[in-house]
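One letter stands for each residue in the lines below.
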Amino acid sequence: MLVAEEDEVVMRHIVGDINTHSRFEIEIDARDSLTEVAAIAGILNGEYDITTVDNTIDYKQSKKELRTVIPFFHEVLVVISRFELEQGEIDSLIKAGDYMVLTKEVDELEFFRRLIPNFTGDSVLNYRLEPHFNLEQDLLENDLLMFFSALENYELGKLLFSGKANIYSMDHEETFGQGSFIEGFCQSYKKTTPYIISRYAFGTTLDDPVYTLAVHELLVANSNAPTKVIYDLIETIHQHHVVPIFESSNSYTFEVNHQDINLSFPFHGGTIDYVNRDKPSFIERYSEFMGFVLSAFIVIFGLGASIKANINQRKKDRMDEYYHELLQVKEKLKTYSTPDLRSKLTGMQTIVFDLLIKEKLSANNEFVIFMMLWDELHQELMKRDDYHQD
(Lines give C-alpha, C1' and ligand atoms only; values in the text may rest on other atoms or scores of the structure.)
Protein backbone atom coordinates (compact mmCIF):
# COMPACT_ATOMS: atom_id res chain seq x y z
CA MET A 1 0.00 0.00 0.00
CA LEU A 2 1.42 3.37 -1.05
CA VAL A 3 0.87 6.31 1.34
CA ALA A 4 2.23 9.80 1.90
CA GLU A 5 4.78 10.08 4.69
CA GLU A 6 2.58 12.47 6.70
CA ASP A 7 -0.18 9.82 6.70
CA GLU A 8 2.13 6.96 7.66
CA VAL A 9 1.31 6.87 11.39
CA VAL A 10 -2.45 6.75 11.02
CA MET A 11 -2.30 4.36 8.05
CA ARG A 12 -0.07 1.94 9.98
CA HIS A 13 -2.72 1.86 12.71
CA ILE A 14 -5.41 1.14 10.13
CA VAL A 15 -3.41 -1.50 8.27
CA GLY A 16 -2.31 -3.14 11.50
CA ASP A 17 -5.93 -3.51 12.55
CA ILE A 18 -6.89 -4.92 9.15
CA ASN A 19 -3.99 -7.39 9.11
CA THR A 20 -4.99 -8.69 12.54
CA HIS A 21 -8.37 -9.86 11.23
CA SER A 22 -7.75 -10.58 7.55
CA ARG A 23 -6.49 -13.62 5.62
CA PHE A 24 -3.95 -11.46 3.81
CA GLU A 25 -1.14 -9.09 4.75
CA ILE A 26 -0.94 -5.43 3.69
CA GLU A 27 2.48 -3.78 3.69
CA ILE A 28 2.95 0.00 3.81
CA ASP A 29 5.35 1.99 1.67
CA ALA A 30 5.49 5.64 2.81
CA ARG A 31 6.95 8.29 0.50
CA ASP A 32 7.90 11.83 1.37
CA SER A 33 5.96 14.52 -0.52
CA LEU A 34 3.86 11.93 -2.34
CA THR A 35 1.39 13.53 -4.75
CA GLU A 36 -1.89 11.88 -5.59
CA VAL A 37 -1.05 11.75 -9.29
CA ALA A 38 2.14 9.88 -8.40
CA ALA A 39 0.14 7.56 -6.13
CA ILE A 40 -2.31 6.83 -8.96
CA ALA A 41 0.58 6.17 -11.33
CA GLY A 42 1.93 3.63 -8.84
CA ILE A 43 -1.39 1.77 -9.00
CA LEU A 44 -1.76 1.92 -12.77
CA ASN A 45 1.76 0.65 -13.49
CA GLY A 46 1.26 -2.29 -11.12
CA GLU A 47 3.90 -1.19 -8.61
CA TYR A 48 1.31 -1.05 -5.79
CA ASP A 49 -2.10 -2.62 -5.17
CA ILE A 50 -3.89 0.12 -3.21
CA THR A 51 -3.47 3.75 -2.20
CA THR A 52 -5.57 6.68 -1.00
CA VAL A 53 -6.63 9.78 -2.94
CA ASP A 54 -9.00 12.68 -2.29
CA ASN A 55 -12.43 12.42 -3.88
CA THR A 56 -11.96 15.95 -5.28
CA ILE A 57 -9.17 14.90 -7.64
CA ASP A 58 -10.05 15.34 -11.31
CA TYR A 59 -7.71 12.90 -13.03
CA LYS A 60 -9.55 11.81 -16.17
CA GLN A 61 -6.72 9.64 -17.53
CA SER A 62 -7.28 7.03 -14.82
CA LYS A 63 -11.10 6.90 -14.68
CA LYS A 64 -11.28 3.76 -16.84
CA GLU A 65 -8.75 1.82 -14.79
CA LEU A 66 -9.01 3.08 -11.21
CA ARG A 67 -11.78 1.89 -8.86
CA THR A 68 -12.93 2.95 -5.40
CA VAL A 69 -12.59 0.23 -2.79
CA ILE A 70 -14.25 2.29 -0.05
CA PRO A 71 -14.71 5.94 0.99
CA PHE A 72 -12.22 5.66 3.85
CA PHE A 73 -12.48 8.77 6.01
CA HIS A 74 -12.91 12.52 5.72
CA GLU A 75 -10.41 15.23 4.97
CA VAL A 76 -11.60 18.68 6.05
CA LEU A 77 -11.18 22.12 4.59
CA VAL A 78 -8.95 24.12 6.93
CA VAL A 79 -8.95 27.93 6.99
CA ILE A 80 -6.19 29.41 9.19
CA SER A 81 -4.50 32.74 9.80
CA ARG A 82 -1.82 34.06 12.14
CA PHE A 83 -4.27 36.84 13.05
CA GLU A 84 -7.34 36.73 15.28
CA LEU A 85 -10.16 37.59 12.89
CA GLU A 86 -13.93 37.99 12.97
CA GLN A 87 -16.02 35.77 10.70
CA GLY A 88 -16.88 38.69 8.43
CA GLU A 89 -13.18 39.45 7.97
CA ILE A 90 -12.62 35.95 6.59
CA ASP A 91 -15.15 36.60 3.82
CA SER A 92 -13.56 40.01 3.13
CA LEU A 93 -10.07 38.54 2.77
CA ILE A 94 -11.29 35.92 0.30
CA LYS A 95 -13.26 38.52 -1.70
CA ALA A 96 -10.18 40.72 -1.87
CA GLY A 97 -8.06 37.81 -3.07
CA ASP A 98 -5.94 38.02 0.08
CA TYR A 99 -5.70 34.26 0.59
CA MET A 100 -3.54 31.35 -0.55
CA VAL A 101 -4.74 27.86 -1.43
CA LEU A 102 -2.15 25.20 -0.67
CA THR A 103 -2.15 22.04 -2.75
CA LYS A 104 0.28 19.36 -3.80
CA GLU A 105 -0.90 19.25 -7.40
CA VAL A 106 -3.06 21.06 -9.92
CA ASP A 107 -5.44 18.09 -10.26
CA GLU A 108 -6.70 18.73 -6.71
CA LEU A 109 -7.91 22.26 -7.44
CA GLU A 110 -11.38 21.46 -8.85
CA PHE A 111 -12.97 22.04 -5.44
CA PHE A 112 -11.41 25.50 -5.01
CA ARG A 113 -12.29 26.49 -8.59
CA ARG A 114 -15.91 25.93 -7.62
CA LEU A 115 -15.68 27.51 -4.16
CA ILE A 116 -13.70 30.74 -4.56
CA PRO A 117 -15.83 32.36 -7.35
CA ASN A 118 -18.75 32.39 -4.86
CA PHE A 119 -16.80 35.05 -2.94
CA THR A 120 -14.81 36.85 -5.65
CA GLY A 121 -17.15 36.67 -8.63
CA ASP A 122 -14.33 35.69 -10.99
CA SER A 123 -12.34 32.57 -11.88
CA VAL A 124 -8.96 33.79 -10.65
CA LEU A 125 -7.51 31.37 -8.10
CA ASN A 126 -4.52 32.09 -5.87
CA TYR A 127 -2.74 28.83 -5.15
CA ARG A 128 0.69 27.42 -4.46
CA LEU A 129 1.95 23.95 -5.28
CA GLU A 130 3.89 22.50 -2.36
CA PRO A 131 5.06 18.87 -2.18
CA HIS A 132 5.05 19.29 1.62
CA PHE A 133 3.26 22.15 3.35
CA ASN A 134 5.47 24.44 5.42
CA LEU A 135 2.56 25.91 7.37
CA GLU A 136 4.59 28.06 9.74
CA GLN A 137 6.41 29.80 6.90
CA ASP A 138 3.26 30.07 4.77
CA LEU A 139 1.43 31.77 7.64
CA LEU A 140 4.11 34.46 7.77
CA GLU A 141 3.75 35.15 4.05
CA ASN A 142 -0.06 35.07 3.75
CA ASP A 143 -2.95 36.49 5.78
CA LEU A 144 -5.19 33.48 5.10
CA LEU A 145 -4.39 29.87 4.18
CA MET A 146 -6.84 27.29 2.82
CA PHE A 147 -6.10 23.59 2.34
CA PHE A 148 -7.44 20.11 2.98
CA SER A 149 -6.16 18.16 5.94
CA ALA A 150 -6.74 14.93 7.83
CA LEU A 151 -7.82 15.42 11.43
CA GLU A 152 -4.60 13.68 12.52
CA ASN A 153 -2.47 16.63 11.29
CA TYR A 154 -0.31 17.13 14.39
CA GLU A 155 1.89 19.75 12.73
CA LEU A 156 -1.20 21.96 12.44
CA GLY A 157 -2.17 21.02 15.98
CA LYS A 158 1.15 22.33 17.33
CA LEU A 159 0.68 25.67 15.55
CA LEU A 160 -2.83 26.01 16.95
CA PHE A 161 -1.72 25.06 20.44
CA SER A 162 1.17 27.53 20.41
CA GLY A 163 -1.03 30.37 19.13
CA LYS A 164 0.92 30.73 15.91
CA ALA A 165 -2.25 29.88 13.96
CA ASN A 166 -5.96 30.47 14.41
CA ILE A 167 -8.55 28.24 12.74
CA TYR A 168 -11.85 29.58 11.37
CA SER A 169 -15.22 28.35 10.18
CA MET A 170 -16.27 28.71 6.53
CA ASP A 171 -19.68 30.01 7.60
CA HIS A 172 -21.45 31.75 10.46
CA GLU A 173 -22.35 29.38 13.28
CA GLU A 174 -25.96 30.58 13.58
CA THR A 175 -26.72 29.72 9.91
CA PHE A 176 -25.57 26.12 10.14
CA GLY A 177 -28.51 23.78 9.67
CA GLN A 178 -30.67 26.60 8.33
CA GLY A 179 -29.68 26.81 4.68
CA SER A 180 -26.13 28.03 5.24
CA PHE A 181 -23.66 28.75 2.46
CA ILE A 182 -21.86 25.49 3.26
CA GLU A 183 -25.01 23.43 2.87
CA GLY A 184 -25.93 25.16 -0.39
CA PHE A 185 -22.47 24.59 -1.81
CA CYS A 186 -22.57 20.91 -0.88
CA GLN A 187 -25.94 20.55 -2.60
CA SER A 188 -24.43 21.77 -5.85
CA TYR A 189 -21.10 19.95 -5.50
CA LYS A 190 -21.99 16.53 -4.14
CA LYS A 191 -18.41 15.40 -3.67
CA THR A 192 -18.40 17.54 -0.54
CA THR A 193 -20.36 17.36 2.70
CA PRO A 194 -20.98 19.81 5.57
CA TYR A 195 -18.70 18.98 8.48
CA ILE A 196 -18.26 20.11 12.08
CA ILE A 197 -14.73 19.77 13.39
CA SER A 198 -15.14 18.94 17.07
CA ARG A 199 -13.20 20.82 19.72
CA TYR A 200 -10.77 17.94 19.96
CA ALA A 201 -8.97 17.68 16.61
CA PHE A 202 -5.44 17.79 15.19
CA GLY A 203 -4.20 16.40 18.51
CA THR A 204 -5.18 19.49 20.48
CA THR A 205 -8.24 21.18 21.99
CA LEU A 206 -9.86 23.99 19.99
CA ASP A 207 -11.65 26.93 21.57
CA ASP A 208 -14.83 26.23 19.59
CA PRO A 209 -16.15 23.74 17.04
CA VAL A 210 -15.34 24.67 13.45
CA TYR A 211 -17.99 24.66 10.69
CA THR A 212 -16.47 23.69 7.36
CA LEU A 213 -16.65 21.29 4.39
CA ALA A 214 -15.18 17.82 4.02
CA VAL A 215 -14.35 15.39 1.23
CA HIS A 216 -13.79 11.68 1.40
CA GLU A 217 -10.36 10.13 1.26
CA LEU A 218 -10.87 7.18 -1.07
CA LEU A 219 -9.09 3.85 -0.81
CA VAL A 220 -8.52 2.94 -4.47
CA ALA A 221 -7.22 -0.01 -6.49
CA ASN A 222 -6.80 -1.02 -10.10
CA SER A 223 -9.98 -2.22 -11.76
CA ASN A 224 -8.33 -5.59 -12.48
CA ALA A 225 -7.57 -6.24 -8.78
CA PRO A 226 -9.12 -9.63 -7.85
CA THR A 227 -12.76 -9.25 -6.87
CA LYS A 228 -12.45 -11.82 -4.08
CA VAL A 229 -9.52 -9.95 -2.46
CA ILE A 230 -11.38 -6.62 -2.50
CA TYR A 231 -14.50 -8.34 -1.12
CA ASP A 232 -12.46 -9.81 1.75
CA LEU A 233 -10.86 -6.42 2.47
CA ILE A 234 -14.25 -4.68 2.71
CA GLU A 235 -15.60 -7.51 4.84
CA THR A 236 -12.67 -7.16 7.26
CA ILE A 237 -13.05 -3.37 7.54
CA HIS A 238 -16.80 -3.57 8.05
CA GLN A 239 -17.38 -6.68 10.13
CA HIS A 240 -14.42 -6.17 12.45
CA HIS A 241 -15.16 -2.47 12.95
CA VAL A 242 -11.76 -1.15 11.99
CA VAL A 243 -12.42 2.24 13.62
CA PRO A 244 -10.47 2.67 16.90
CA ILE A 245 -7.87 4.90 15.26
CA PHE A 246 -10.64 7.31 14.26
CA GLU A 247 -12.56 7.47 17.51
CA SER A 248 -10.81 10.62 18.73
CA SER A 249 -11.99 12.58 15.70
CA ASN A 250 -15.05 10.52 14.80
CA SER A 251 -14.09 10.84 11.15
CA TYR A 252 -14.57 7.25 10.00
CA THR A 253 -17.62 6.42 7.93
CA PHE A 254 -18.50 3.13 6.28
CA GLU A 255 -20.49 4.62 3.43
CA VAL A 256 -20.18 1.96 0.81
CA ASN A 257 -24.00 2.08 0.54
CA HIS A 258 -24.13 5.86 0.43
CA GLN A 259 -25.65 6.83 -2.90
CA ASP A 260 -25.10 10.59 -2.67
CA ILE A 261 -21.30 10.44 -2.85
CA ASN A 262 -20.28 11.53 -6.33
CA LEU A 263 -17.16 9.41 -6.59
CA SER A 264 -14.21 10.40 -8.74
CA PHE A 265 -13.81 6.69 -9.50
CA PRO A 266 -16.64 4.11 -9.58
CA PHE A 267 -16.83 1.29 -7.05
CA HIS A 268 -14.75 -1.84 -7.59
CA GLY A 269 -16.60 -5.03 -8.49
CA GLY A 270 -15.57 -6.61 -5.17
CA THR A 271 -17.12 -3.69 -3.29
CA ILE A 272 -20.36 -3.97 -5.26
CA ASP A 273 -20.48 -7.71 -4.53
CA TYR A 274 -20.12 -7.00 -0.81
CA VAL A 275 -22.83 -4.32 -0.90
CA ASN A 276 -25.19 -6.76 -2.61
CA ARG A 277 -24.26 -9.72 -0.38
CA ASP A 278 -27.60 -9.73 1.49
CA LYS A 279 -29.81 -8.97 -1.45
CA PRO A 280 -32.06 -11.85 -2.53
CA SER A 281 -31.13 -13.64 -5.72
CA PHE A 282 -33.01 -12.99 -8.93
CA ILE A 283 -35.08 -16.14 -8.45
CA GLU A 284 -35.85 -15.26 -4.82
CA ARG A 285 -36.89 -11.72 -5.73
CA TYR A 286 -39.12 -12.76 -8.61
CA SER A 287 -40.21 -16.25 -7.53
CA GLU A 288 -43.83 -15.19 -6.92
CA PHE A 289 -44.02 -13.37 -10.24
CA MET A 290 -42.26 -16.24 -12.05
CA GLY A 291 -44.75 -18.68 -10.45
CA PHE A 292 -47.61 -16.56 -11.76
CA VAL A 293 -46.04 -16.43 -15.22
CA LEU A 294 -45.47 -20.20 -15.21
CA SER A 295 -49.06 -20.85 -14.16
CA ALA A 296 -50.33 -18.48 -16.83
CA PHE A 297 -48.09 -20.17 -19.40
CA ILE A 298 -49.43 -23.61 -18.45
CA VAL A 299 -53.02 -22.38 -18.76
CA ILE A 300 -52.33 -20.68 -22.09
CA PHE A 301 -50.37 -23.67 -23.37
CA GLY A 302 -53.19 -26.00 -22.34
CA LEU A 303 -55.76 -23.76 -23.98
CA GLY A 304 -53.68 -23.56 -27.13
CA ALA A 305 -53.24 -27.33 -27.21
CA SER A 306 -56.99 -27.80 -26.75
CA ILE A 307 -57.80 -25.37 -29.55
CA LYS A 308 -55.29 -27.04 -31.83
CA ALA A 309 -56.72 -30.47 -31.01
CA ASN A 310 -60.25 -29.22 -31.82
CA ILE A 311 -59.09 -27.78 -35.13
CA ASN A 312 -57.34 -31.03 -36.06
CA GLN A 313 -60.41 -33.03 -35.08
CA ARG A 314 -62.62 -30.85 -37.30
CA LYS A 315 -60.18 -31.36 -40.19
CA LYS A 316 -60.25 -35.12 -39.59
CA ASP A 317 -64.05 -35.16 -39.42
CA ARG A 318 -64.26 -33.18 -42.64
CA MET A 319 -61.85 -35.56 -44.37
CA ASP A 320 -63.87 -38.52 -43.09
CA GLU A 321 -66.98 -37.06 -44.73
CA TYR A 322 -65.34 -37.06 -48.18
CA TYR A 323 -63.84 -40.48 -47.55
CA HIS A 324 -67.28 -41.93 -46.68
CA GLU A 325 -68.74 -40.24 -49.73
CA LEU A 326 -66.18 -42.04 -51.90
CA LEU A 327 -67.07 -45.32 -50.21
CA GLN A 328 -70.71 -44.76 -51.13
CA VAL A 329 -69.65 -44.10 -54.74
CA LYS A 330 -67.68 -47.36 -54.70
CA GLU A 331 -70.65 -49.30 -53.33
CA LYS A 332 -72.95 -47.90 -56.04
CA LEU A 333 -70.31 -47.82 -58.73
CA LYS A 334 -72.36 -49.84 -61.22
CA THR A 335 -75.26 -47.38 -60.96
CA TYR A 336 -73.05 -44.46 -62.10
CA SER A 337 -72.77 -43.71 -65.77
CA THR A 338 -69.29 -42.94 -67.05
CA PRO A 339 -69.92 -39.15 -67.35
CA ASP A 340 -71.53 -39.04 -63.89
CA LEU A 341 -68.60 -40.96 -62.36
CA ARG A 342 -66.07 -38.65 -64.01
CA SER A 343 -67.97 -35.56 -62.81
CA LYS A 344 -68.24 -36.96 -59.27
CA LEU A 345 -64.57 -37.86 -58.97
CA THR A 346 -63.35 -34.59 -60.52
CA GLY A 347 -65.63 -32.52 -58.32
CA MET A 348 -64.55 -34.27 -55.13
CA GLN A 349 -60.86 -33.95 -56.04
CA THR A 350 -61.27 -30.23 -56.72
CA ILE A 351 -63.10 -29.65 -53.42
CA VAL A 352 -60.59 -31.63 -51.32
CA PHE A 353 -57.51 -29.98 -52.84
CA ASP A 354 -59.06 -26.53 -52.45
CA LEU A 355 -59.71 -27.22 -48.74
CA LEU A 356 -56.17 -28.55 -48.39
CA ILE A 357 -54.72 -25.35 -49.85
CA LYS A 358 -56.87 -23.28 -47.50
CA GLU A 359 -55.57 -25.44 -44.58
CA LYS A 360 -59.08 -26.60 -43.76
CA LEU A 361 -57.85 -30.14 -44.31
CA SER A 362 -54.57 -31.73 -43.32
CA ALA A 363 -52.35 -33.92 -45.52
CA ASN A 364 -52.49 -36.73 -42.95
CA ASN A 365 -53.28 -40.44 -43.04
CA GLU A 366 -56.96 -39.79 -43.73
CA PHE A 367 -55.99 -37.75 -46.80
CA VAL A 368 -53.70 -40.53 -48.03
CA ILE A 369 -56.49 -43.12 -47.61
CA PHE A 370 -58.89 -40.80 -49.45
CA MET A 371 -56.47 -40.42 -52.36
CA MET A 372 -55.88 -44.20 -52.55
CA LEU A 373 -59.64 -44.82 -52.77
CA TRP A 374 -60.08 -41.97 -55.25
CA ASP A 375 -57.29 -43.42 -57.41
CA GLU A 376 -58.94 -46.86 -57.26
CA LEU A 377 -62.20 -45.36 -58.55
CA HIS A 378 -60.37 -43.30 -61.13
CA GLN A 379 -58.70 -46.48 -62.44
CA GLU A 380 -62.18 -47.97 -62.87
CA LEU A 381 -63.15 -44.86 -64.83
CA MET A 382 -60.08 -45.30 -67.06
CA LYS A 383 -61.03 -48.93 -67.76
CA ARG A 384 -64.49 -47.79 -68.88
CA ASP A 385 -62.96 -45.26 -71.23
CA ASP A 386 -60.67 -47.93 -72.70
CA TYR A 387 -63.60 -50.30 -73.14
CA HIS A 388 -65.67 -47.78 -75.03
CA GLN A 389 -62.75 -46.92 -77.29
CA ASP A 390 -62.37 -50.58 -78.22
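Please read these numbers as outputs of a predicted model, since none were measured by experiment.

The rules behind these values
Residues numbered from 1 in each chain as written. Predicted model: local features only at pLDDT ≥ 70, side-chain atom pairs only at ≥ 80, totals over all residues. Heavy atoms only, no water. Helix = DSSP H or I, 4+ residues; strand = E, 2+ residues; numbered from the N terminus. Buried < 20%, exposed > 50% of the residue type's maximum accessible area, 1.4 Å probe, protein only. Contact = heavy atoms within 4.5 Å. Areas by Shrake-Rupley, 256 points an atom, 1.4 Å probe, with all protein chains shown as cover. pLDDT = per-residue confidence, 0-100. 1 Å grid on protein atoms, 1.4 Å probe; cavity = no way out; pocket = protein on both sides within 12 Å on 5 of 7 lines; lining within 4 Å. Points joined across faces, edges and corners; volume = space filled by probe spheres on them. Nonpolar A, V, L, I, M, F, W, Y, C, P; charged D, E, K, R; others polar.

Caption draft 1: Summary view of the overall build of the protein chain. Secondary structure assignment for the protein chain yields 13 helices and twelve strands. Expressed as a percentage of the 390 residues in the protein chain, the buried residues total 43%. Taking the contacts inside the protein chain whose residues are at least 6 apart along the sequence as the reference set, 75% of them involve residues at least 24 apart. In the structure as shown, the protein chain presents an accessible area of about 21,200 Å², 52% of it carried by carbon and sulfur atoms.

Caption draft 2: Local environment of the environment of Asp138. Considering the arrangement of structural elements, one finds Asp138 in helix α6 (residues 135–141). Between the C-alpha atoms of Asp138 and Met100, which are 38 residues apart in sequence, the distance is 8.7 Å. When residues no more than four places from it in sequence are discounted, the contact partners of Asp138 are Leu102, Arg128, Glu130 and Leu145.

Caption draft 3: Region of interest: unusual backbone geometry. Positive phi, close to 60°, is recorded for Phe202, a residue that is not glycine. Considering the arrangement of structural elements, one finds Phe202 in the loop between β10 (200–201) and β11 (204–205).

Caption draft 4: Representation of the confidence of the model for the protein chain in the model. Mean pLDDT over the protein chain works out to 82, with 88% of the residues at or above the 70 mark. Between the elements of the protein chain, mean pLDDT differs from a low of 74, seen in helix α11 (residues 282–331), to a high of 95, seen in strand β8 (residues 166–168). Overall, residues 244–260 carries pLDDT values under 50, and its contacts beyond four positions in sequence, including any with other chains, amount to 42 contacts.

Caption draft 5: Quick peek at the layout of surface pockets. Counted as a void, the largest pocket has a volume near 870 Å³. Taken together, 45 residues form the lining of the largest pocket, with Glu6, Asp7, Glu75, Ala150 and Asn153 sitting closest to its centre. When residues of the lining of the largest pocket are traced back to their parent elements, those giving at least two are β1 (2–4), α1 (8–21), α2 (36–44), β3 (50–54), β5 (100–103), β7 (145–149), α7 (154–162) and β10. Across the lining of the largest pocket, the residue classes break down as 20 nonpolar, eleven polar and 14 charged. Computed from the structure, the second largest pocket encloses a volume of approximately 590 Å³. Lining the second largest pocket are 21 residues, with Ile167, Tyr168, Asp207, Asp208 and Val210 sitting closest to its centre. Listed by contribution, the elements that provide at least two residues to the lining of the second largest pocket are α7, β8, β11 and β12 (210–222). Examining the composition of the lining of the second largest pocket, we find that three residues originate from one element, β8, more than from any other.

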